[in-house]
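Structural characterization, general
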Amino acid sequence: MTSTDTRTEAEDSGPSGYAAARLRLLQEGARSGPPRRAALAELTDDWLTGLFSAGAEGMRGVSLVAVGGYGRGELSPRSDLDLLLLHDGGDSGGVAALADRIWYPVWDLGLALDHSVRTPAEARKTAAEDLKVQLGLLDARHLAGDLGLTAGLRTAILADWRNQAPKRLPELQELCAERAERQGELQYLLEPDLKEARGGLRDATALRAVAASWLADAPREGLSEARRRLLDVRDALHLATGRATDRLALQEQDQVAAELGLLDADTLLRQVYEAARVVSYASDVTWREVGRVLRSRAVRPRLRAMLGGGSKPAAERSPLAEGVVEMDGEVVLARAARPERDPVLPLRAAAAAAQAGLPLSLHAVRRMAAAARPLPSPWPAEAREQLVTLLGSGRPTVEVWEALEAEGLITRLLPDWERVRCRPQRNAVHIWTVDRHLIETAVRASELARRVGRPDLLLVAALLHDIGKGWPGDHSVAGEIIARDVATRIGFDRADVAVLATLVRHHLLLIDTATRRDLEDPATVRSVAEAVGSQGTLELLHALTESDALATGPAAWSTWRGSLVADLVKRVAAVLAGDAPEEPEAVAPTAEQERLAIEAFRTGGPVLALRAQTEPVDPETEAVPDDPEPLGVELLIAVPDQPGVLPAVAGVLAMHRLTVRTAELRALDLPDEVAGSVLLLNWRVAAEYGSLPQATRLRADLVRALDGSLDIAGRLAERDAAYPRRRGTVAPPARVTVAPAASRHATVIEVRAHDAPGLLHRIGRALEKAHVRVRSMHVSTLGANAVDAFYVTGTQGTPLPAEEAVSVARALEEALRE
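Residues numbered from 1 in each chain as written. Predicted model: local features only at pLDDT ≥ 70, side-chain atom pairs only at ≥ 80, totals over all residues. Heavy atoms only, no water.

The next point concerns helix H25 (residues 559–576). Its 18 residues place the ends of H25 25 Å apart at the C-alpha level, agreeing with the 26 Å of an ideal helix rising 1.5 Å per residue. When we look at burial in H25, the residues that qualify are Thr559, Trp560, Arg561, Gly562, Leu564, Val565, Leu568, Val569, Val572 and Val575. Directly after H25, the chain includes glycine 578, whose backbone phi takes a positive value near 105°. (Helix = DSSP H or I, 4+ residues; strand = E, 2+ residues; numbered from the N terminus. Expected span 1.5 Å × (residues − 1). Buried < 20%, exposed > 50% of the residue type's maximum accessible area, 1.4 Å probe, protein only.)

Listed below in structure tokens is the structure:
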């Protein structure tokens, strides 16, 4: 059926005919995107025109006007109908009856309607008071009735908007900024709002309003395509959910991707991010130009008065670098610059802009993108130095990098960047896409440049450490290969290339080892030393580890994690200096531990103590922090030696919503006069939220857990059932492995699982069932993922035989999947 046939059916059959024709149009698989939106708007125009004509017979001085998105002819499947019934004020009773003849059929079909009835004067007055109303009227489109009335309003609204632009545009910019603060940036969100987030459809509409003011214009290249892509995704979202929603939730992304014919949800998100990035960059450039024009207008009268009404003075140009100058608050190319003869110019201009904390002019970037010659391979020394300068400029690097990337200069300089550009990271810990995370890491690394002897290697390693995420397999392994190639092309010598490759290959080594391995075990320290190889590389890796974690998100770094990494680095540095780590000796119990152990033996039950810990004193300055950061609470528990202690303690802590950060369990032989054995547990815990429970309550529940009168598993299950489950991605199953050669004193079993209340309790029960003893454990939780390492031995206190270790790991994995 053609669009003409569809419109005729809608006109002939009234509301029911329109509904049928609308449904048929939305179900047509061959028509989507702009053609379908235009056809839906045309179909709706014809239906509403019919309603208006039937009700306005004989009436004059009245018209029906589409505004907002409908005025632009952009109707998504579940879009509101934004309508204005415009009248000259002559027949108020007739106008009210006409409004009912139009509004009620729309409501009867269940369509959302945003409507108003106004005279032109009332419409202009409302627009002057309400910016959102004025923005909607800028897209006013005549549907039916008195064309002259509609045209007069459009002319008046546009004139008002242009006359009031110096006042209204700053108001619009503030509105956009407030919305961005509430909704976040579309190009980085895992569940973005396609309309309200920064870089979304609202911002695209705001750019149209700026252009209508004639005060400034947005960069047009790619903007229409970006807006079309966001509208296409919203259409597919409406069809997939059957709701008028702009939130691209996780559970709908696969269906929306399929609706658009895309490979998967990641491909969908990447396209959304690319579109949002175009809109965001266009917004930045446009609002900067608006500010420049408004400042110029404010200054011009005073200058004319000072110059006696003479001609406009030329803008001052301040040199920044060879071929690069500052003019009017932006970095532009000098008049003598020749990008077609100077392949280093883009990097030189970018480095100068970042160092000066100024934006790169859009015209300058586009001129360089159009004319600049490619750099030779390897790069000349100046190009490499300018790249390092750009990366080391701190926060201004981000805006300058985005300007280069918007015009394709980054992928021209670094072709491997294309695979990580706009690549989503489906991990709650990460708050950025892969490419933005790499730049954020460089920003963080620039703050640590004084800690290392080779800040250039630190900055380049920060830029490349996750470059392998665009390839299948372990991103560290793939990244090492790419880093070697990129570093060679940039012009580093063989020794520096090897260091950069090592940094990329092992950028997770320190944080993983510090949080998941026993640092008292010499085998742990030796393995890190062998991987790192030198003091200089260790120094760089330490700074890279901190930069990477700080750039990841709040959950990835803390004073506690930093102290663990620093402890590991200190031990590895000693090995690299030639001091072999000594075999650990049995640590004598402290006076407090011995007191608790004796009391536990005499009472026959658990005894515990809670002690808050804060940031340690600086060993070099002996200074105490002004506002010490709490690292958690040390929980010391002494229990007469008996089975089931680990799952009991872990379960009670889970019941009280305490997160375990580190844990150590060992048997303590009491003095001869006591003649007994007590299990000593030294754990560091933190409250998930709220205050810590009282020690007496913890002890009471632990007593009940040990004697079997407290059903921990049941209590945890009840609590879990009390909270409604949210739909979302299904967590992958737990994975349990045996770490080869990780320790000479115990078998290390590593558990990677979805973090959930009672996870350690379930693991403890499974290990008890396997008849192994836990010597210590190291807990690491990042977002929804837990990676825990357990140092276990057999009943005789020795490492497990290889086959038995594998069997225990398989049993534990099965238990966690139940």
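Generally speaking, a soluble globular protein has its nonpolar side chains buried in company with each other. Counting residues in hydrophobic clusters, the biggest one holds 92 residues, and the most contacted among them are Leu360, Trp379, Trp401, Leu414 and Trp417. Membership of the second largest hydrophobic core comes to 51 residues, among which are Val633, Ala654, Phe790 and Ala805. (Core = buried A, V, L, I, M, F, W, Y, C linked by side-chain atoms within 4.5 Å.)

Taken as a whole, this structure holds 4 aromatic pairs when the rule is applied. Measuring from centroid to centroid gives 5.1 Å for tyrosine 104 and tryptophan 107, while their planes differ by 90°, and the two rings are edge-to-face. Of the two residues, tyrosine 104 and tryptophan 107 both sit in helix H4 (residues 92–108), 3 residues apart, roughly one turn of that helix. Its relative accessible area of 36% is what places tryptophan 107 among the partly exposed residues. Both rings, one in tyrosine 188 and one in tryptophan 432, keep their centres 4.9 Å apart while their planes meet at 90°; by these two values the pair is edge-to-face. One end of the pair, tyrosine 188, is in the loop between helix H8 (165–183) and helix H9 (201–213); the other, tryptophan 432, is in the loop between helix H17 (409–413) and helix H18 (434–447), with 244 residues separating them in the sequence. Owing to a relative accessible area of 8%, tyrosine 188 belongs among the buried residues under this scheme. Since its relative accessible area comes to 17%, tryptophan 432 is described here as buried. We note arginine 141 situated over the ring of tyrosine 70; from NZ or CZ to the ring centre the distance is 5.3 Å. A cation sits over an aromatic face here: arginine 419 above tryptophan 471, 3.6 Å from the ring centre. (Phe/Tyr/Trp six-rings, centres within 6.5 Å; stacked < 30°, edge-to-face > 60°. Lys NZ or Arg CZ within 6 Å of the ring centre and 35° of its normal.)

Helix H10 (residues 223–241) packs onto H9 with a crossing angle of 145° between their chain directions and a minimal axis gap of 10 Å. The crossing of H9 and H10 is left-handed. Taking contact as the criterion, the partners of Leu201, Ala204, Leu207 and Arg208 in H9 are, on H10, Leu223, Arg227, Leu230, Leu231 and Arg234. Across the contact of H9 with H10, the residue classes break down as 6 nonpolar, no polar and 3 charged. (Axes fitted to C-alpha atoms, helices over the stretch in contact; angles between N-to-C directions. Left-handed = near helix turned anticlockwise from the far one by under 90°. Contact = heavy atoms within 4.5 Å. Nonpolar A, V, L, I, M, F, W, Y, C, P; charged D, E, K, R; others polar.)

A few words on the sheet that holds strand S2 (residues 81–87). Reading across the sheet, the 4 strands line up as S3-S2-S1-S4 and stay open at both edges, with mixed pairing between neighbours. Sheet topology places strand S3 (113–118) and strand S4 (141–145) at the edges, where each strand pairs with a single neighbour. The mean angle between the axes of side-by-side strands here comes to 20°, regardless of whether they run parallel or antiparallel. The pairing of strand S1 (residues 62–66) with S2 spans 5 bridges and is antiparallel. (Pairing = 2+ DSSP bridges.)

For the rest of this paragraph, the subject is the packing of helix H2 (residues 33–55) against H4. Contact geometry of H2 with H4 gives a least axis separation of 8 Å together with a crossing angle of 145°. Helix-helix and strand crossings are classified by hand; for H2 and H4 the assignment is right-handed. Of the residues in H4, those in contact with Trp47, Leu48, Leu51, Phe52, Ala54 and Gly55 of H2 are Leu98, Arg101, Ile102, Pro105 and Val106. Class assignment of the residues belonging to the contact of H2 with H4 gives a composition of 9 nonpolar, 1 polar and 1 charged.

Of the residues making up helix H23 (residues 522–532), those classed as buried are Pro522, Ala523, Thr524, Val525, Val528, Ala529 and Val532. Among the residues trailing H23, glycine 533 stands out with phi positive, at a value near 95°.

Evaluation of the coordinates by the stated rule reveals 5 cavities of 30 Å³ or more. Estimated volume of the largest cavity: approximately 60 Å³. Taken together, Tyr281, Asp284, Arg288, Pro359, Leu360, Glu399, Val400, Glu402 and Ala403 form the lining of the largest cavity. For the lining of the largest cavity, the secondary structure elements donating two or more residues are helix H12 (265–306) and helix H16 (396–406). Per element, the largest residue contribution to the lining of the largest cavity is 4 residues, and it comes from H16. By residue class, the composition of the lining of the largest cavity is 5 nonpolar, no polar and 4 charged. (1 Å grid on protein atoms, 1.4 Å probe; cavity = no way out; pocket = protein on both sides within 12 Å on 5 of 7 lines; lining within 4 Å. Points joined across faces, edges and corners; volume = space filled by probe spheres on them.)

Function-wise, these values are silent; they only describe arrangement.
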